[in-house]
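Commentary on secondary and tertiary structure
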Protein chains: 2
Amino acid sequence: MRLSKNGAAKPDREEGADRARDVLGGTEIRIAYKIGYVLNFYREPSFRKIEMEFGITRPEIVTLIFLNFREGVTASDICEFSGHLKANISRGIIALEKKKLLRRDVDAKDNRRQLLYLTPAGRALYAKYIPALRERERAMLSCLSASERKLFEGLLDKLAEHVPQWSALDEL
Amino acid sequence: MRLSKNGAAKPDREEGADRARDVLGGTEIRIAYKIGYVLNFYREPSFRKIEMEFGITRPEIVTLIFLNFREGVTASDICEFSGHLKANISRGIIALEKKKLLRRDVDAKDNRRQLLYLTPAGRALYAKYIPALRERERAMLSCLSASERKLFEGLLDKLAEHVPQWSALDEL
DNA sequence: TTTAGATAGTCTCATATGTGACTTTCTCAT
DNA sequence: ATGAGAAAGTCACATATGAGACTATCTAAA
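Residues numbered from 1 in each chain as written. Chains lettered and ligands numbered in written order. Predicted model: local features only at pLDDT ≥ 70, side-chain atom pairs only at ≥ 80, totals over all residues. Heavy atoms only, no water.

Time to look at the relation of the copies chain A and chain B. Between the two copies, chain A and chain B, the superposition gives an RMSD of 0.0 Å; the rotation angle is 180° and the shift along the axis is 0.0 Å. When the rotation and shift are considered jointly, the pair of chain copies conforms to a two-fold rotation axis. Among all residues of chain A, the minimum C-alpha distance to the rotation axis is found for Phe152 of chain A, at 3.3 Å. The residues that chain A uses at the interface reappear at the interface of chain B in 100% of cases, marking a shared surface. (Least-squares fit on C-alpha atoms with pLDDT ≥ 70 in both. Contact = heavy atoms within 4.5 Å.)

Quick look at the pattern of salt bridges now. Inspection of every chain in the model, using the stated rule, returns 33 salt bridges over all chains. Measuring nitrogen to oxygen at the nearest pair gives 2.6 Å for the salt bridge that ties Glu153 of chain A to Arg30 of chain B. Taken together, the residues Glu153 of chain A in helix H7 (residues 146-166) and Arg30 of chain B in helix H2 (residues 30-54) connect one chain to another. Judged by relative accessible area, which is 8%, Glu153 of chain A ranks as buried. Residues Lys34 of chain B and Glu153 of chain A are paired through a salt bridge, measuring 2.6 Å at the closest nitrogen-oxygen approach. Highlighted residues: Lys34 of chain B in helix H2 and Glu153 of chain A in helix H7, drawn from two different chains. Glu153 of chain A shares its class with Lys34 of chain B; the two are buried. Look at the salt bridges and you will find they share partners, linking Arg43, Glu44, Arg48, Glu51 and Arg58 of chain A into a network. (Salt bridge = Lys/Arg side-chain N within 4 Å of Asp/Glu carboxyl O. Helix = DSSP H or I, 4+ residues; strand = E, 2+ residues; numbered from the N terminus. Buried < 20%, exposed > 50% of the residue type's maximum accessible area, 1.4 Å probe, protein only.)

If you look at the biggest cluster of nonpolar residues, it comprises 98 residues, and the most contacted ones within it are Tyr129, Leu133 and Phe152 of chain A together with Tyr129, Leu133 and Phe152 of chain B. Other than its neighbours up to four places away in sequence, Tyr129 of chain A contacts Ile50, Phe54, Ile56, Ile61, Leu64 and Ile65 of chain A. (Core = buried A, V, L, I, M, F, W, Y, C linked by side-chain atoms within 4.5 Å.)

Quick look at H2 of chain B now. Residues and elements named next belong to chain B. The end-to-end C-alpha distance of H2 is 36 Å, a good match for the 36 Å that 25 residues give at a rise of 1.5 Å each. In the structure, H2 departs most strongly from a straight axis at Asn40, where the bend amounts to approximately 35°. Taken across its 25 residues, H2 has 18 buried, putting it largely inside the fold. (Expected span 1.5 Å × (residues − 1). Bend = angle between axes of the 7 residues up to and from the residue.)

Our next topic: the pairing of strand S1 (residues 102-107) of chain A. Residues and elements named next belong to chain A. Inspection of the sheet shows S1 paired to strand S2 (residues 110-118) by 6 bridges, in the antiparallel sense. Counterpart to Leu102 in the pairing with S2 is Leu118. From the end of S1 to the start of S2, which pair antiparallel, there are 2 residues. (Pairing = 2+ DSSP bridges.)

As a further point, take the confidence of the model for chain A. Predicted coordinates in areas of low pLDDT are best not read in detail. Residues and elements named next belong to chain A. Overall, the predicted model of chain A reaches an average pLDDT of 88, with 88% of residues at or above 70. When pLDDT is averaged over each helix and strand of chain A, the minimum, 68, is found for helix H1 (residues 16-24) and the maximum, 98, for helix H5 (residues 86-98). Scored below 50 in pLDDT, residues 1-14 makes 22 contacts in the model with residues more than four places away or belonging to other chains. (pLDDT = per-residue confidence, 0-100.)

What follows concerns the packing of helix H4 (residues 75-82) of chain B against helix H5 (residues 86-98) of chain B. All names here are of chain B. Two elements in contact, H4 and H5, have axes separated by 9 Å at closest approach and are oriented at 125°. In terms of orientation, H4 lies oblique with respect to H5. Pair H4 / H5 crosses with right-handed handedness. The segment H4 lies against H5, with Ala75, Ile78, Cys79 and Ser82 engaging Lys86, Ile89 and Ile93. (Axes fitted to C-alpha atoms, helices over the stretch in contact; angles between N-to-C directions. Parallel < 35°, antiparallel > 145°, perpendicular 65-115°, else oblique. Left-handed = near helix turned anticlockwise from the far one by under 90°.)

Printed below as a string of structure tokens:
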């Protein structure tokens, strides 16, 4: 029942993959459980490593990821697509500003809102940790052929676009 | 840019689904990000509700789910397939035992290990919260046809079986 | 046998997180 | 215009979590 460090099964044990198939198929929420299983192994170790290495929290990590491809957004926007609670994103933004990794301007059109922008230092920090995430994603998907990957992403897109139909934003 | 509570877009804003497609496609780790997006909306609200309603923690929730289909396993086994750290699963098991929701026996073959079994009360508690998780999974997947769902699960299985190849257990 | 190292599980401490209340600002119907 | 209610963001408090040390037990090789 044990896996050794490199993921290979010990001689007298079930092989890891067999065991995974067996176990993961057993719950009453098979698909959700399997998504969680794969994602946990992708995300948790990666994010913990970044947290430790760079002294930032998860909301800070995702805020930098988000701002890297779209600036001038608000804390609420980041909540909406990161799944983090607004209190945590708020704290993260305050911390990032304190470290001069982002800048925020009050929206002239709506004084409640603050528009967020990365500083060069913020962009540089992002550039330090994103390659490991990219590489790990590549490894995760390497068991799928190019066409399977396309297929998988297409189905994921469908699921993602459908999210607003069944999950209210204020649930997060 | 805002979604209203029922997920419908306000008249003068982009529609939720368009916006999601647009935003989610922008990161450097598209597929991982999309998996996280969908899963967050599935898992976080559901689990938080269970936590509050029944006064149990996440490790306790997953321990009950796991034991419901396989008993006589150990804390390590649960770590292996839940993605939770052993300290947290350990605390969860201690709490569940205190509440008489599970029972543990020292393994006669290996005195370090404790074999876990649900009590009827534990099974009853599980039965109270699993229907909502099932229903929410159904809603999440309702945008896929039966054959798309099969396809999606097949690809997920492939990814799950491949996990040991790229992620070491001790990373969790 | 003995012993070095691995493994199962628990504990302590520091930190991150969830909840809900709060302020300020905006929106919209009257 | 004005007042009720929604939305953006912050805060304080309690709790859950992550890191890493620790004990006890097992394994395997000399």
